[in-house]
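Secondary and tertiary structure notes
One-letter residues, chain by chain:
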Amino acid sequence: MGSGAFPRSVSGPVVRYSRAMDPTPSQTGGHGGGLGFRLFGLRVTVQPWFFLTAWIVGRQSIDVVAESVWIVIVFLGVLVHELGHAVAARRLGLEPRITLHGFGGTTSWLPSRPVSSWARIGITAAGPLCGLAVGGAAWLVLRSGASGVGGDILRDIVWVNLGWGLLNLLPVLPLDGGEIAGTFAGMVAGSTGRIVVRVLSLVLLAAIAVWGLARGHLWTLFLAVILGFANVEALRTELSRRT
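Summary of the structure given here. (Residues numbered from 1 in each chain as written. Predicted model: local features only at pLDDT ≥ 70, side-chain atom pairs only at ≥ 80, totals over all residues. Heavy atoms only, no water.)

Thoughts on the overall build of the protein chain
Scanning the protein chain from terminus to terminus reveals six helices and five strands. Order of helices (α) and strands (β) in the protein chain, N terminus to C terminus: β-β-β-α-α-β-β-α-α-α-α. Burial status across the protein chain gives 49% buried among its 243 residues. When the accessible area of the protein chain is evaluated, it comes to approximately 11,400 Å², of which 69% is carbon and sulfur surface. (Helix = DSSP H or I, 4+ residues; strand = E, 2+ residues; numbered from the N terminus. Buried < 20%, exposed > 50% of the residue type's maximum accessible area, 1.4 Å probe, protein only. Areas by Shrake-Rupley, 256 points an atom, 1.4 Å probe, with all protein chains shown as cover.)

Digging into the side chain of Asn231
Here Asn231 is to be found in helix H6 (residues 218-241). Side-chain polar atoms of Asn231 contact the backbone oxygen of Leu227, separated by 2.9 Å. Those residues within four positions of Asn231 in sequence are excluded, and the remaining contacts are Leu173, Arg198, Ser201, Leu202 and Leu205. (Polar contact = N/O pair within 3.5 Å; in protein donor to acceptor, adjacent residues only side chain to side chain. Contact = heavy atoms within 4.5 Å.)

Topic: the pattern of salt bridges
The full count for this structure, using the stated rule, is five salt bridges. For Asp152, the salt bridge goes to Arg155, with nearest N and O atoms at 2.7 Å. With a gap of three residues between them, Asp152 and Arg155 both fall in helix H4 (residues 148-167), about one helical turn apart. Residue classification places Asp152 among the partly exposed residues on the basis of a relative accessible area of 42%. A residue is classified by how much of its surface remains accessible, and Arg155, at 42% relative accessible area, is partly exposed. Where Glu179 meets Arg194, a salt bridge forms, and the shortest distance between an N and an O atom there is 3.7 Å. The buried category is assigned to Glu179, whose relative accessible area is 3%. Taken together, the salt bridges that share partners define one network made up of Glu179, Arg194, Arg198 and Glu238. (Salt bridge = Lys/Arg side-chain N within 4 Å of Asp/Glu carboxyl O.)

Some thoughts on the packing of helix H5 (residues 176-215) against H6
In the contact formed by H5 and H6, the axes pass within 9 Å of each other and the chain directions differ by 160°. Considering their axes alone, H5 and H6 lie roughly antiparallel with respect to each other. Considering how the two elements wind past one another, H5 and H6 form a crossing that is left-handed. Contacts between H5 and H6 pair Arg194, Ile195, Arg198, Val199, Ser201, Leu202, Leu205, Ile208, Ala209, Trp211, Gly212 and Leu213 from the former with Thr220, Leu221, Ala224, Leu227, Gly228, Asn231, Val232, Ala234, Leu235, Glu238 and Leu239 from the latter. The residue inventory of the contact of H5 with H6, partitioned by class, reads 15 nonpolar, five polar and three charged. (Axes fitted to C-alpha atoms, helices over the stretch in contact; angles between N-to-C directions. Parallel < 35°, antiparallel > 145°, perpendicular 65-115°, else oblique. Left-handed = near helix turned anticlockwise from the far one by under 90°. Nonpolar A, V, L, I, M, F, W, Y, C, P; charged D, E, K, R; others polar.)

Spatial relationships are all this shows, so hold off on functional conclusions.
This is the structure:
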């Protein structure tokens, strides 16, 4: 949610919202409010809606301990993902900030210096790569024979980091995969390339919405619709600039 939040059932695809490409904090409601702290010198803000969404996409059970463990796993998974974006941005001389919000996570920075298209792709890819590394390591430990409570925790870690990480690479804006595809398409074909990725995003989001409706995953349906409307508005803006 480049991000995010969907049911952790491994029975079908999910999407996680996590962006690294916001030029200013204002696009996600700013960085004020919520829990704020610094990690490795990076400013992190956690908005209260993040924890509510993490609970919603979990099992929503009355088992306080199990739900608390799940929320911690989601928190750490999204934070690691955003740290990947932020550390890559800082290595390029930027001053990134991380916000965890109701739709996942966002790493943003003020436009203090130009950032090339290839650099933006690198920053965007760094987030899911960190998540895939953590999820892959957990999967290897799980494959070694972990069971019981430890096995359950490892499965959730794999799902949040590896499962969400892979699906976050779908070419759907504003997911990381969509940002990478959109930036690359813009390099190749300018605004036309970006518009093509917008249209592709709408097609895939429609498919995800249908899947969510068919499987009864209302949160998946809701987020697909929200992202769909955002893409429609962005597409209208981009088309108006061409006229």
